Protein chains: 2
Amino acid sequence: MAESPIRPRAAAIVVAAREILEAEGIEALTMRRLGEAVGIRAPSLYRHFADKAAVEIVLLEAGFDELADSFEAAFERDGESLATLGQAFRDFARTRPHLYRMMTTGRLPRERMRPDVEARAAAPLMRVTGGDEHIARAAWAFAHGMVILELDDRFPPGADLDAAWSAGLAAFAANIGRGGV
Amino acid sequence: MAESPIRPRAAAIVVAAREILEAEGIEALTMRRLGEAVGIRAPSLYRHFADKAAVEIVLLEAGFDELADSFEAAFERDGESLATLGQAFRDFARTRPHLYRMMTTGRLPRERMRPDVEARAAAPLMRVTGGDEHIARAAWAFAHGMVILELDDRFPPGADLDAAWSAGLAAFAANIGRGGV
DNA sequence: GTCTATAGTGGGATAGAC
DNA sequence: GTCTATCCCACTATAGAC
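None of these values were measured; they are calculated from a predicted model. (Residues numbered from 1 in each chain as written. Chains lettered and ligands numbered in written order. Predicted model: local features only at pLDDT ≥ 70, side-chain atom pairs only at ≥ 80, totals over all residues. Heavy atoms only, no water.)

Taken together, the 39 residues of chain A in the interface contact 39 residues of chain B. Surface buried jointly by chain A and chain B totals about 3100 Å² across both partners, of which 66% is contributed by carbon and sulfur atoms. The largest per-residue losses of area from chain A upon contact with chain B belong to Arg 137, Trp 140 and Arg 154 of chain A, which jointly make up 22% of the total buried on that side. In this assembly, chain A and chain B are joined by 0 salt bridges. (Contact = heavy atoms within 4.5 Å. Buried area = accessible area lost by both parts, 1.4 Å probe. Salt bridge = Lys/Arg side-chain N within 4 Å of Asp/Glu carboxyl O.)

Structure follows, in structure tokens:
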């Protein structure tokens, strides 16, 4: 499904890459390891992908697509609200921590990615913040901060993160449309 | 100043490490590069530090100390408020982006760090949120999210980040003590 | 405390035969 | 499309001479 169905080998490589990423983390995703997982030697991978980055791009694009799917499904299921979005966001990240990290750490290779891919994932937040772009960006930063600090084990051991999420989302929800200060 | 004044060579190594980190980023900080910067061969560094992590620990501790210093100075200068803290936080990160990244990306090697070092940097936020730990954590996540997304160039080109900061800080300030939903 | 030499590991990627 | 062989790179870290 990722990339072209005409090339089953390439698709299998992407599937294997995703499995390695989720199971062992980003450093485990090497061309040698990937070849092994798919049953060929590392150099043969280059018949299917120009370089390692090309494989990573496919993973990234799939990740953003899945994130957008999650948001849209959550809206249908639980109604369109900031709380719904926050829940879906956190669930997404906790279900695929390594993919989430890959999607959000460092620069994004936008030059090599499908141009619409980020926008579709961002659209639900725009809806729910009613066009208040400042609150939208603040809420995005909040959600990303909560998730990445949780994944990286930065909160104190007993911290009630549900409560922190609630407090944050409530604060933003109460301030939509007030335009800053 | 970092570590022991009795060992000037070790101090010089730390200074060089900090310079390399800030100037060229975390991947540039290798033992070879560090030896070169300080005028000795890489293996000789191991007479001064047990391993590479030991050098990094010193940088991390110094970073948290500086962050705490920044907060305390900002409180004295501009008064104790969430807005003051947010400004100081953002300034800190933008002034030392690579150090900030190193301090906040991935797991923290807490076992090898001074135990009080995180707590001192966190204290000002506790003060300003008046003991509402949920709002405190949410505000921390917001600030980190804003900063790291800015450093990693994730916001749209023309985005007004001052406005996003204001909107976020105002939302939190208005909700201190309300205890979530 | 510094050196040279080197071990040991890992990575991405290419050439050319089949 | 896959293979073997290989290049070239980079890294952390140790041994042992000086």
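Taken together, 15 residues form the shell around DNA strand D, and within it Arg 41, Arg 47 and His 48 of chain A together with Thr 30 and Arg 32 of chain B come nearest. At the protein interface, 54% of the atoms of DNA strand D within 4 Å belong to sugar or phosphate. One of the backbone N or O atoms of Arg 41 of chain A is found 2.6 Å from a phosphate oxygen in DNA strand D. Measuring from a base oxygen of DNA strand D, one finds a side-chain N or O atom of Arg 47 of chain A at 3.1 Å. Of all the elements in the fold, those that place two or more residues in the surface near DNA strand D are α3 (42–45) of chain A together with α2 (31–38) of chain B. (Near = heavy atom within 4 Å. Polar contact = N/O pair within 3.5 Å; in protein donor to acceptor, adjacent residues only side chain to side chain. Helix = DSSP H or I, 4+ residues; strand = E, 2+ residues; numbered from the N terminus.)

The next thing to look at is the protein's contact with DNA strand C. Neighbouring DNA strand C are 15 residues; Thr 30 and Arg 32 of chain A together with Arg 41, Arg 47 and His 48 of chain B lie closest to it. A share of 52% of the atoms of DNA strand C within 4 Å of the protein falls on sugar and phosphate groups. Tyr 46 of chain A is positioned with one of its side-chain polar atoms (N or O) 2.9 Å from a phosphate oxygen of DNA strand C. A distance of 2.6 Å separates a phosphate oxygen of DNA strand C from a polar backbone atom of Arg 41 of chain B.

For an α-helix, the turn length of 3.6 residues means that residues three or four places apart are oriented alike. Residue and element names in this part refer to chain A. Helix length check: helix α5 (residues 82–95), at 14 residues, gives a terminal C-alpha distance of 20 Å against a target of 20 Å (1.5 Å per residue), a fit within 8%. Tucked inside the fold, the buried residues of α5 contact α4 (52–78), α6 (97–104), α7 (117–128), α8 (133–151) and α9 (161–175). Between a side-chain oxygen at the N-terminus of α5 and the backbone nitrogen of Ala 83 the separation is 3.3 Å; the capping residue is Ser 81. (Expected span 1.5 Å × (residues − 1).)

This structure, assessed with the given rule, holds 13 aromatic pairs over all chains. With centroids separated by 5.3 Å and ring planes inclined at 75 degrees, the aromatic side chains of Trp 140 of chain A and Phe 155 of chain B adopt a geometry described as edge-to-face. Here the residue Trp 140 of chain A occupies a position in helix α8, and Phe 155 of chain B occupies one in the loop between α8 (133–151) and α9 (161–175), the pair thus bridging two chains. Residue Phe 155 of chain B is classed as buried on the basis of its relative accessible area of 8%. Arranged with centres 5.7 Å apart and planes meeting at 85 degrees, the rings of Phe 89 of chain B and Tyr 100 of chain B form a pair that is edge-to-face. Here Tyr 100 of chain B lies in helix α6 (residues 97–104) and Phe 89 of chain B lies in helix α5 (residues 82–95), a separation of 11 residues in the sequence. (Phe/Tyr/Trp six-rings, centres within 6.5 Å; stacked < 30°, edge-to-face > 60°. Buried < 20%, exposed > 50% of the residue type's maximum accessible area, 1.4 Å probe, protein only.)

Let us look at the pattern of salt bridges. Following the criterion strictly, the structure yields 40 salt bridges over all chains and no others. Across the pair Asp 116 of chain A and Arg 114 of chain A runs a salt bridge whose closest N-O atoms are separated by 3.4 Å. For Asp 116 of chain A, a relative accessible area of 39% puts it in the partly exposed group. For Glu 111 of chain B, the salt bridge is made with Arg 107 of chain B, and the minimal N-O distance between the two is 2.9 Å. By relative accessible area, Glu 111 of chain B is classed as exposed at 59%.

Turning next to the packing of helix α1 (residues 8–24) of chain A against α4 of chain A. Residue and element names in this part refer to chain A. Axis separation between α1 and α4 bottoms out at 10 Å; the angle between their running directions is 75 degrees. Between α1 and α4, the interaxial angle falls into the category roughly perpendicular. Contact with α1, carried on its side by Val 14, Ala 17, Arg 18 and Leu 21, involves Val 55, Val 58, Leu 59 and Glu 66 of α4 and no other residues of that element. Looking at the contact of α1 with α4 residue by residue, the class counts come to 6 nonpolar, no polar and 2 charged. (Axes fitted to C-alpha atoms, helices over the stretch in contact; angles between N-to-C directions. Parallel < 35°, antiparallel > 145°, perpendicular 65-115°, else oblique. Nonpolar A, V, L, I, M, F, W, Y, C, P; charged D, E, K, R; others polar.)

Moving on: the environment of Gly 86 of chain B. Along the chain, Gly 86 of chain B falls in helix α5. Linking Gly 86 of chain B and Glu 76 of chain B, residues 10 residues apart in sequence, is a C-alpha distance of 15 Å.

Once that is clear, we can look at the relation of the copies chain A and chain B. In the superposition of chain A on chain B (RMSD 0.1 Å, axial shift 0.0 Å), the rotation amounts to 180 degrees. On this basis, the relationship between the two copies can be described by a two-fold rotation axis. Counting the interface residues of chain A, we find that 100% of their copies in chain B are interface residues as well, pointing to one common contact surface. (Least-squares fit on C-alpha atoms with pLDDT ≥ 70 in both.)

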